[in-house]
Amino acid sequence: MNRRNSLKILSGTAVGVAGLVLADWKWQLFDGFNHEGFFTSKEEKLISRIADTIIPEGLLSKTLSADAKPIGALSTGTDVYLMKLFEHCYEKEDQDKIKLQLAALNEKGFLKSSQEEREAMLMGLNSSENEDEKEFFNLMKSQTITGFTTVKEVMVDYRNYNVAPGYYHGCADLPAQT
């Protein structure tokens, strides 16, 4: 048994794994600084957290596989739908209002709050005297529900949606050809 070679291999493996972890960390840090997109990375996290607060994971998947997980707004991609919707389908003034409300939520510490605190913050927006806050809450809630209820997992598994309902069953038997 060659102990020196074994130690060299083990130390090389440990250095390699540590290097991969460091490279991943630096990549995430670099992505945060050079994020290109309509929303900043913090705004994207806020939208994801809002969608997760409105529809958290908890609805059990009806697939019978062993690795089936509960579905929610994040697992179905509703947050990505919201980002694309706000970026491509809304006017500039509405986009500015959305960004302004996201900045206000960020100042309140929305990202670091627990689920109950986030729910309370969103319900506070709903009962606010400020019309922009109410409008923001209603927009986020309605579009999150729309995005969640129109994904394949919900439409097919829970609403029994068929793309082309009905089937053709011919009534004439054809003789077997020889």
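Numbers given for residues are sequential positions, taken from 1 along each chain in its written order. Only residues with pLDDT of 70 or above have their local features reported here, since the model is predicted, and side-chain atom pairs are shown and tallied only from 80 upward, although totals for entire chains, interfaces and linings are computed over all residues. Computation of side-chain values: all heavy atoms of the structure, hydrogens and water removed.

**Structural notes on the overall build of the protein chain**
Part 1 of the reasoning: For the protein chain, the helix and strand inventory stands at seven helices and zero strands.
Part 2 of the reasoning: Starting at the N terminus, the α and β elements of the protein chain follow one another as α-α-α-α-α-α-α.
Part 3 of the reasoning: Exposure classes here rest on a 1.4 Å probe applied to the protein chains alone. A residue is buried below 20% of its type maximum, exposed above 50%, and partly exposed in between. Relative to its 178 residues, the protein chain shows a buried fraction of 26%.
Part 4 of the reasoning: Taking the intrachain contacts of the protein chain between residues at least 6 apart in sequence as the baseline, contacts between residues at least 24 apart amount to 66%.
Part 5 of the reasoning: Surface accessibility follows the Shrake-Rupley procedure with a 1.4 Å probe radius. Residue values consider only the protein chains on display as shielding. Carbon together with sulfur atoms contributes 57% to the accessible area of the protein chain, which is approximately 13,000 Å² in total. Here a strand is any run of E in DSSP of at least two residues, a helix any run of H or I of at least four, and the numbering for each starts at the N terminus. Working rule for contacts: check all heavy atoms of both residues, and any pair within 4.5 Å makes them a contact.

**Concerning the packing of helix α2 (residues 41-54) against helix α4 (residues 92-107)**
Part 1 of the reasoning: Relative orientation of the contacting elements α2 and α4 amounts to 80°, with a least axis distance of 10 Å. Classified by the angle their axes make, α2 and α4 are roughly perpendicular. Here K42, E43, L46, I47 and I50 of α2 lie close against α4, whose contacting residues are K99, L102, L105 and N106.
Part 2 of the reasoning: When residue character is reported, Ala, Val, Leu, Ile, Met, Phe, Trp, Tyr, Cys and Pro are called nonpolar, Asp, Glu, Lys and Arg charged, and the others, Gly included, polar. Each residue belonging to the contact of α2 with α4 can be placed in one class, and the counts come to five nonpolar, one polar and three charged. Orientation is described by lines fitted to C-alpha atoms, with helices fitted over the stretch in contact, and by angles between N-to-C directions that extend from 0 to 180 degrees. Each angle receives one of four descriptions, namely roughly parallel if under 35 degrees, roughly antiparallel if over 145, roughly perpendicular if within 65 to 115, and oblique otherwise.

**Comments concerning helix α5 (residues 115-126)**
Part 1 of the reasoning: One fewer than the residue count of a helix, multiplied by 1.5 Å, yields its expected span. For α5, with twelve residues, the first-to-last C-alpha span of 17 Å sits near the 16 Å given by 1.5 Å per residue.
Part 2 of the reasoning: For α5, the set of buried residues is Q115, R118, M121, L122 and L125. The buried residues of α5 occupy one face: seen down the axis, they fall within an arc of 125°.
Part 3 of the reasoning: The secondary structure elements touched by the buried residues of α5 are α2, α4 and α6 (131-149). Taking the helix axis as origin, the arc is that swept by the directions to the C-beta atoms.

**Thoughts on unusual backbone geometry**
Part 1 of the reasoning: Although it is not a glycine, N160 adopts a positive phi angle of roughly 55°.
Part 2 of the reasoning: Here N160 lies in the segment after α7 (152-157).
Part 3 of the reasoning: With a relative accessible area of 60%, N160 lands in the exposed category.

**Describing the nonpolar core**
Part 1 of the reasoning: Judged by nonpolar contacts, the single largest core of 27 residues is most densely connected at I47, I50, F86, L102 and F136.
Part 2 of the reasoning: Sorting the residues of this core by element identifies α2, α3 (78-89), α4, α5 and α6 as the ones contributing at least two each.
Part 3 of the reasoning: Here this core takes five residues from α6, the largest share from any one element.
Part 4 of the reasoning: Dropping the residues within four chain positions of it, I50 is found in contact with L102, L105, F110, L122, F136 and M140. Among the buried residues, those of types Ala, Val, Leu, Ile, Met, Phe, Trp, Tyr and Cys that are joined through side-chain atoms within 4.5 Å form a nonpolar core.

**With respect to the side chain of S48**
Part 1 of the reasoning: For S48, the location among the structural elements is in helix α2.
Part 2 of the reasoning: In this structure, S48 is in contact with L74, D79 and M83, ignoring residues within four places of it in sequence.

**Digging into a nonpolar patch on the surface**
Part 1 of the reasoning: Side chains of V156, Y161 and V163 sit close together on the surface and give an oily, nonpolar patch of about 300 Å² of accessible area.
Part 2 of the reasoning: Looking at where V156 falls in the secondary structure, it is placed in helix α7.
Part 3 of the reasoning: Here V156 falls in the partly exposed class, since its relative accessible area comes to 36%. Within the patch definition used here, like charges are joined within 9 Å and nonpolar side chains (Val, Leu, Ile, Met, Phe, Trp, Tyr) within 5 Å, considering only residues with over 30% relative accessible area and no salt bridge. Whenever a carboxyl oxygen of Asp or Glu lies within 4 Å of a side-chain nitrogen of Lys or Arg, that contact is scored as a salt bridge.

**Some details on the packing of aromatic side chains**
Part 1 of the reasoning: In this scheme Phe, Tyr and Trp rings, the latter by its six-membered ring, pair at centre separations within 6.5 Å, and the angle between planes marks the pair as stacked below 30 degrees, edge-to-face above 60, and tilted otherwise. Under the counting rule described, the total for this entry stands at two aromatic pairs.
Part 2 of the reasoning: A centroid spacing of 4.8 Å and a plane angle of 80° characterise the contact between F38 and F39, whose relative ring orientation is edge-to-face.
Part 3 of the reasoning: On the basis of relative accessibility, which here comes to 24%, the residue F38 falls in the partly exposed class.
Part 4 of the reasoning: Note on F86 and Y90: the rings are 5.4 Å apart at their centroids and 70° apart in plane angle, and the pair reads as edge-to-face.

**Side note on the pattern of salt bridges**
Where charged atoms of side chains with opposite charge meet at close range, the side chains can pair.
Part 1 of the reasoning: Summed over the entire model, instances satisfying the criterion amount to two salt bridges.
Part 2 of the reasoning: Here K99 and E43 are joined by a salt bridge, their closest N and O atoms 3.9 Å apart. Of the two residues, K99 sits in helix α4 while E43 sits in helix α2, which places them 56 residues apart along the sequence.
Part 3 of the reasoning: What makes K99 partly exposed here is its relative accessible area of 22%.

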